[in-house]
Amino acid sequence: MNIARYGIISGPILSGPILSGPILSGLAALALTTSLSTPVFADPAFGPHIDLATYIDQRGGFEGPAWTLSFEHSARHISTGAVEGQQPQTESPYRVRFGQDYALDFNQERGPCLIDFKTERTLCDSAQATALTNTSFFGPVRRNIDTYVGLSQSGQREIIQFGANQTFERFWLEAAMGVRATQVELSVTLEGDLHHLSRGEERVATLDFTASDNQAALDGHVLTSFTRWASHNLTLHPDILAYITEVGHIPSAMTFKVVSPESPQGRMEHWQLTSATPNPDLPELLNDKTSFIFPIEGEVGDVIEHAAAGLFSYRPTQESFLSEFQDALGEEDPAKALLIAHQEAFHFGPCPRETIGSSRLVCASLQGLTNAGVGNARFEALNDVLMRLGQVNYVDLEAALSPYLNADGHAGAGANLIYGLELSRLAQSDTTLIEDSALSPQSALNAALLKDPMAGDTYWYLAQHAIASGNYDQGWAYLDLARAGAQIEKTPALDQAEAIESRLKALAPGFFLPSEENLQISE
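Criteria and thresholds
- Residues numbered from 1 in each chain as written.
- Predicted model: local features only at pLDDT ≥ 70, side-chain atom pairs only at ≥ 80, totals over all residues.
- Heavy atoms only, no water.
- Salt bridge = Lys/Arg side-chain N within 4 Å of Asp/Glu carboxyl O.
- Phe/Tyr/Trp six-rings, centres within 6.5 Å; stacked < 30°, edge-to-face > 60°.
- Buried < 20%, exposed > 50% of the residue type's maximum accessible area, 1.4 Å probe, protein only.
- Helix = DSSP H or I, 4+ residues; strand = E, 2+ residues; numbered from the N terminus.
- Lys NZ or Arg CZ within 6 Å of the ring centre and 35° of its normal.
- Contact = heavy atoms within 4.5 Å.
- Axes fitted to C-alpha atoms, helices over the stretch in contact; angles between N-to-C directions.
- Parallel < 35°, antiparallel > 145°, perpendicular 65-115°, else oblique.
- Left-handed = near helix turned anticlockwise from the far one by under 90°.
- Nonpolar A, V, L, I, M, F, W, Y, C, P; charged D, E, K, R; others polar.
- pLDDT = per-residue confidence, 0-100.

Topic: the pattern of salt bridges
Thought 1: Under the definition given, this model contains 22 salt bridges.
Thought 2: Between Asp396 and Arg388 there is a salt bridge; the shortest N-O distance is 2.9 Å.
Thought 3: Among the ionic contacts, a cluster of salt bridges with common partners joins Arg121, Asp480, Arg483 and Glu501.

Some words on the packing of aromatic side chains
Thought 1: Counted according to the given criterion, the structure contains 19 aromatic pairs.
Thought 2: Judged by centre distance (5.4 Å) and plane angle (90 degrees), the ring pair of Phe46 and Tyr55 falls under edge-to-face.
Thought 3: According to the relative accessible area criterion, Phe46 is buried, its value standing at 0%.
Thought 4: Residue classification places Tyr55 among the buried positions, given a relative accessible area of 0%.
Thought 5: Here Phe62 and Tyr102 contribute two aromatic rings whose centre-to-centre distance is 5.3 Å and whose plane-to-plane angle is 85 degrees, an arrangement assigned as edge-to-face. With Phe62 in the loop between helix H3 (52-59) and strand E1 (67-77) and Tyr102 in strand E4 (residues 102-105), this pair connects stretches of sequence that are 40 residues apart. Taken as a pair, Phe62 and Tyr102 share a single burial class, namely buried.
Thought 6: Following the ring pairs from residue to residue traces out a cluster consisting of Phe71, Tyr94, Phe98, Phe226, Trp229 and Trp271.
Thought 7: Over the ring of Phe62 we find Arg59; its NZ or CZ atom is 3.9 Å from the centre of that ring.
Thought 8: Of note, Arg95 hangs over the ring of Phe106, and the distance from its end group to the ring centre comes to 3.9 Å.

Some thoughts on the environment of His49
Thought 1: Mapped onto the elements, His49 comes out in the loop between helix H2 (22-30) and H3.
Thought 2: Separated by 246 residues in sequence, His49 and Pro295 have C-alpha atoms that sit 9.2 Å apart.
Thought 3: With residues up to four places along the chain from it excluded, the contact list for His49 reads Pro44, Phe294, Ala308, Leu481 and Ala484.

A word on the environment of Ile160
Thought 1: Its place among the elements puts Ile160 in strand E8 (residues 159-162).
Thought 2: Between the C-alpha atoms of Ile160 and Tyr148, which are 12 residues apart in sequence, the distance is 9.8 Å.
Thought 3: Each residue touching Ile160, except ones within four places of it in the same chain, is listed here: Leu151, Ser152, Gln166, Thr167, Phe168, Glu169, Arg170 and Leu173.

With respect to the packing of helix H17 (residues 441-451) against helix H18 (residues 456-468)
Two numbers describe a pair of packed helices, the interaxial angle and the distance between the axes.
Thought 1: Orientation of H17 relative to H18, taken along the N-to-C sense of each, is 160 degrees, at an axis distance of 10 Å. Put simply, H17 runs roughly antiparallel to H18. Judged by the sense of rotation from one axis to the other, the crossing of H17 with H18 is left-handed. Seen from H17, the contacting residues are Pro441, Gln442, Leu445, Asn446, Ala448 and Leu449; seen from H18, they are Thr458, Tyr459, Tyr461, Leu462 and His465.
Thought 2: Residues belonging to the contact of H17 with H18 are distributed by class as follows: seven nonpolar, four polar and no charged.

Quick word on the confidence of the model for the protein
Thought 1: With 87% of its residues at a pLDDT of 70 or more, the protein has an overall mean of 85.
Thought 2: Of all secondary-structure elements in the protein, the lowest mean pLDDT belongs to H2, at 31, while strand E11 (residues 194-199) reaches the highest, 98.
Thought 3: Note that pLDDT drops below 50 for residues 85-91; the model gives that stretch eight contacts with residues more than four away or on any other chain.
Thought 4: Counting contacts from residues 517-523, a segment whose pLDDT is below 50, to residues more than four positions away or on other chains yields 21 contacts.

Shown next, in the form of structure tokens:
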């Protein structure tokens, strides 16, 4: 029996779209121009499983200077001259409040949003009167990098094909995604306080650094929050934002070119700073709010919320797994025992190669499982499937696992997790499989979690499935909740989440504070 094949010894924790998708292949090209040193991380304990008072307390409050900046914004299509958005002289300013480590944007389509650079989370207003949404920066940043890597072939294509008939230069994709493969050479022409930035013969931005009465107060931390906010919200190339940082002032006006699928011929955006007002109080968005909307709905969300809060009275141990494993052997069901052993590894990580004297009691008993399984048709069919994960066909998968999909406990959890992952893989090439199957990949993964909400690897694979389906925010919610959850086992698979976040920060540093300014939880 090849135990290593299916994860008990050295399972496939590095497979799947989180690490083997375009982000990993993209690193080969992109990492040449970035530092991959590990920065300080914001703790996943700031996720939506806590209340707002705890969030603010752990964050250390919102002390320090804050300024509300009002802008007039307009956009003009280059090809037609038609104006979109606001006319330059209208009375509808775009307002953003900048603190030393956050930006409160009042103009988001979904309502006001607090972009919290200290905790690396975005809090937005919701339809619920006392609740906010709470999402990680890493989901949208990962989506941007995936898009950039996919369209530009890891930064190697100079001309980007979008759809059947549209193309544009890579520079504009970099501006839209906030990511670049290599530094762009921009020439600067000074005209008094106007700084004209060009790429070759093409002018891409004009920045007006005319001094204001409040310029000194807006430098430093407020400037840092401004450039980070711009990375999240404006279509400004990272090297233009780097130039603003180098100058050391927030521009009093900006005019810059944007080329996108919506504006293939280009448009000129103009932002005029009209006022700056000090606001030292708690960000208004947080007034009268008490909680966060839990990002995962239904029974699965309820169970995760309980596990994250440590409310379950039972938590499996090495001894309880061994007892369940031995009971299955006593029932002369070695296939069930094999699934229990598989699920034990999803709690505690791969078995050590030397199991004699190990605290991993199930791992030390695997030779007995091998002996019990010889000649048992169910065991041999299941073992054959587990040895061929990533290559098994649907007929064999269904035959081996269907007897255990409705089983309780760890055997049922293991069966559903394997089934969901393999069915998801198979459905990529044959969508009719989901129609024919008793379960969808998502419902099987949900069943695995409901049967065993404390296995860290289940959250890892749910995150993979969500990201592969394009739901980046929910994918990171699974990772955050698993790492923060009081009763969820921290496994080697979950450890990979921090490595991913380190790489994302290195590839898209403009979305984050410099590493020395990241959060340490207040004592």
